[in-house]
Amino acid sequence: MDNLLVTSSKRLGTMQNSLRKIGVATIAASCVVASVANAEDIDDRRYLGVLGSYIEADTDNRGGLYQYDDGYGVTVLLGSQKSESVNTEFSLAYGVLEGDRNGVTDAHDWQLTLGYDWLYFFDREGWQPFGLLGGGITQEEREPDDHAHLTANAGLGLIKVLNDHGTAFRVETRYVYHFDDEGSNDDPQDWRFSIGFQTPLTAKPVELPPPPPPPPPADSDGDGVVDGVDECPNTLK
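Because the structure is a prediction, the values reported are computed rather than measured. (Residues numbered from 1 in each chain as written. Predicted model: local features only at pLDDT ≥ 70, side-chain atom pairs only at ≥ 80, totals over all residues. Heavy atoms only, no water.)

Draft legend 1. Summary view of the overall build of the chain. When helices and strands are counted, the chain shows one helix and eight strands. Its helices and strands in sequence order give the chain the pattern α-β-β-β-β-β-β-β-β, from N to C terminus. Taking all 237 residues of the chain together, 31% fall into the buried category. Intrachain contacts of the chain at a sequence separation of at least 6 include 56% that bridge at least 24 residues. Split by element, the accessible area of the chain, about 15200 Å² in all, is 62% carbon and sulfur. (Helix = DSSP H or I, 4+ residues; strand = E, 2+ residues; numbered from the N terminus. Buried < 20%, exposed > 50% of the residue type's maximum accessible area, 1.4 Å probe, protein only. Contact = heavy atoms within 4.5 Å. Areas by Shrake-Rupley, 256 points an atom, 1.4 Å probe, with all protein chains shown as cover.)

Encoded structure:
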């Protein structure tokens, strides 16, 4: 009786170990399948975008000599999709603020910004809403105190894919914070409203159909024995 109990206990232990191994293998396989599925959903082609912008300039936190009302700009961006929800982008933005400077009307403030942004997409279907967060460095040229400073920005936008290639319409709004206390500035904060287009730089990968199955072995005389082993070729027996 004791031997029977010992044997049964050992078998139970073996079954439990086997079930654990099966469970681990199942979980691992599920993870692999999920990873492959996610990889298939990602369009990792690099894309190029061009946006035109209207800039609502911050007059209150710029020096008293600089009274800029608004401005305009253009942004060129290079980005790619990194995950199901995240894109990253490098950008080069050129902006011009217009207004008065030290009694001179129609004065200008030229800004060139090299930036890097993270985009989080809430949905990848139809009109695709996204939030963005990033920063950069701005070279600002204005008389008499040309200088460089850091910037941070956050915003919201929408993207709508227009064709099978992936060309898309894009609109966004950014809040731009300038870490700039040069001269009489006090960290001005601008709003940038942009609209434009972006398009992938390469063609969309084409999924090739599976190769056709190999042809069946030849049976010239139709006797059910393939030619390679048919000892009576050209006969029905």
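Structure shown, so let's carry the discussion forward.
Draft legend 2. Broad picture of the packing of aromatic side chains. Throughout the structure, instances matching the rule amount to nine aromatic pairs. Between Phe 90 and Tyr 116, the aromatic rings sit 4.8 Å apart at their centres with planes inclined by 55°, giving tilted as the arrangement. Placement of the pair is Phe 90 in strand S3 (residues 86-101) and Tyr 116 in strand S4 (residues 104-121), with a sequence separation of 26 residues. A centroid spacing of 6.2 Å and a plane angle of 90° characterise the contact between Trp 127 and Phe 169, whose relative ring orientation is edge-to-face. Here Phe 169 lies in strand S7 (residues 168-179) and Trp 127 lies in strand S5 (residues 127-141), a separation of 42 residues in the sequence. Given the relative accessible area of 47%, Trp 127 is considered partly exposed. Members of the aromatic cluster, each reached through a chain of ring pairs, are Phe 90, Tyr 116 and Trp 118. (Phe/Tyr/Trp six-rings, centres within 6.5 Å; stacked < 30°, edge-to-face > 60°.)

Draft legend 3. Molecular detail of a negative patch on the surface. A surface patch of negative charge is lined by Asp 69, Glu 98, Asp 100 and Asp 106. Examined against the element boundaries, Asp 106 turns out to sit in strand S4. On the accessibility criterion, Asp 106 (63% relative accessible area) is exposed. (Patch = residues over 30% accessible without salt bridge, like charges linked within 9 Å, V, L, I, M, F, W, Y side chains within 5 Å. Salt bridge = Lys/Arg side-chain N within 4 Å of Asp/Glu carboxyl O. Lys, Arg positive; Asp, Glu negative; His and termini not counted. Charge placed at Lys NZ, Arg CZ, Asp CG, Glu CD.)

Draft legend 4. Geometry of empty space enclosed by the protein. Under the defined criterion, the tally for this structure stands at one cavity of 30 Å³ or more. Every element with two or more residues in the lining of the largest cavity is listed here: strand S1 (47-56), S3, S4, S5, strand S6 (147-161), S7 and strand S8 (189-200). (1 Å grid on protein atoms, 1.4 Å probe; cavity = no way out; pocket = protein on both sides within 12 Å on 5 of 7 lines; lining within 4 Å. Points joined across faces, edges and corners; volume = space filled by probe spheres on them.)

Draft legend 5. Examining the side chain of Glu 89 more closely. With respect to the helices and strands, the residue Glu 89 is situated in strand S3. Overall, Glu 89 belongs to the buried group, its relative accessible area being 1%. Within polar-contact distance, the side chain of Glu 89 engages the side chain of Tyr 47 at 2.7 Å. At a separation of 2.7 Å, a polar atom in the side chain of Glu 89 contacts the side chain of Arg 170. Look past the residues within four positions of Glu 89 in its chain and what remains in contact with it is Tyr 47, Leu 77, Leu 78, Gly 79, Gly 115, Tyr 116, Asp 117, Leu 119, Arg 170, Arg 174 and Gln 198. (Polar contact = N/O pair within 3.5 Å; in protein donor to acceptor, adjacent residues only side chain to side chain.)

Draft legend 6. Region of the structure containing the pairing of S7. Side chains Ala 168, Arg 170, Glu 172, Arg 174, Val 176 and His 178 of S7 all project onto a buried face; the interleaved residues Phe 169, Val 171, Thr 173, Tyr 175, Tyr 177 and Phe 179 project onto a face where none is buried. Summarising the sheet, S6 and S7 pair through 12 bridges and their orientation is antiparallel. The partner of Ile 159 across the bridge, within S7, is Arg 170. If you look at the hairpin formed by S6 and S7, you'll find six residues sitting between the two strands, and Gly 166 has a positive phi there, around 115°. (Pairing = 2+ DSSP bridges.)

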